[in-house]
Amino acid sequence: RVGQRHVFLVHPGGRRIKRHILIRANSVRFIHENEIEDLTKIQLIADYLKSRQADINKWNSQHGIDKSLSINGRNLTNLGIFRKYINSYIETHPGANKELTIMCRHLQPTEKGIPIEIYLFTSDKRWLNYEYIMADIFDHIIASVAYFGLEIFELPSGKGYIEE
């Protein structure tokens, strides 16, 4: 409708969630092989990490890559693993419509950070339930960021600049 501030895409299968969080670019880094063991304790991505790291190690070995510097060869990053985790989480969320598109994607970086967009449709079209499902997903995602050594971008509040 004309004059409405919010536009919700309602598909016959549910309402669309298309929202992002901003990750501080300077918190993105390569994952060291010794960190993989801790990350495989995260059940949603344990099998993926073991398989992916084995593939990376094989490729680096076959190509004689000097891994004394992380930048050499193929590597996992904390942001890439976080995206895989989010995708697995929203694919298994009970409020997500599994018949429609479910995706976590990396958008173009901005001066405020790296947008990580979550795109899915809820299984329930009722507005209040949609809001609850969206909040539940984003509460979890925001709380999960620290497990991957990442930080969410926030404008400075001034609180960090006050000397005691």
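Everything numeric here is computed off the predicted structure, so don't read it as measured data.

Turning our eyes to something else, we now look at the confidence of the model for the chain. Taken as a whole, the chain shows an average pLDDT of 90; of its residues, 88% reach a score of 70 or greater. The secondary structure element of the chain with the lowest average pLDDT is strand E1 (residues 10–11), at 59, and the one with the highest is helix H3 (residues 78–92), at 98. Taken together, the stretch residues 1–7 has pLDDT below 50 and engages in zero contacts with residues farther than four places along the chain or on a different chain.

Before going further, it helps to spend a moment on the pattern of salt bridges. Using the criterion set out here, one finds six salt bridges in the structure. The salt bridge partner of Asp38 is Lys41, with a shortest N-O separation of 3.6 Å. Across the pair Arg105 and Glu117 runs a salt bridge, and its minimum N-O distance is 2.6 Å. Residue Arg105 is found in strand E3 (residues 103–106), and its partner Glu117 is found in strand E4 (residues 114–121); the two are separated by twelve residues along the sequence.

Turning our eyes to something else, we now look at the packing of aromatic side chains. Summed over all chains, the structure comprises four aromatic pairs. Judged by centre distance (5.2 Å) and plane angle (55°), the rings of Phe82 and Phe148 are tilted. Taken together, the residues Phe82 in helix H3 and Phe148 in the segment after helix H4 (127–144) connect sequence positions 66 residues apart. Considered together, Phe82 and Phe148 belong to a single accessibility category, that of buried residues. Plain terms: the ring middles of Tyr85 and Tyr89 are 6.3 Å apart, the flat faces sit at 20° to each other, and that makes the pair stacked. Of this pair, Tyr85 and Tyr89 both sit in helix H3, four residues apart, which is roughly one turn of that helix. A relative accessible area of 9% means that Tyr85 is categorised as buried. The class of Tyr89 is buried, set by a relative accessible area of 13%. Pairwise contacts between aromatic rings join Phe82, Tyr85, Tyr89 and Phe148 into one cluster.

About the cut-offs
- Residues numbered from 1 in each chain as written.
- Predicted model: local features only at pLDDT ≥ 70, side-chain atom pairs only at ≥ 80, totals over all residues.
- Heavy atoms only, no water.
- pLDDT = per-residue confidence, 0-100.
- Helix = DSSP H or I, 4+ residues; strand = E, 2+ residues; numbered from the N terminus.
- Contact = heavy atoms within 4.5 Å.
- Salt bridge = Lys/Arg side-chain N within 4 Å of Asp/Glu carboxyl O.
- Phe/Tyr/Trp six-rings, centres within 6.5 Å; stacked < 30°, edge-to-face > 60°.
- Buried < 20%, exposed > 50% of the residue type's maximum accessible area, 1.4 Å probe, protein only.

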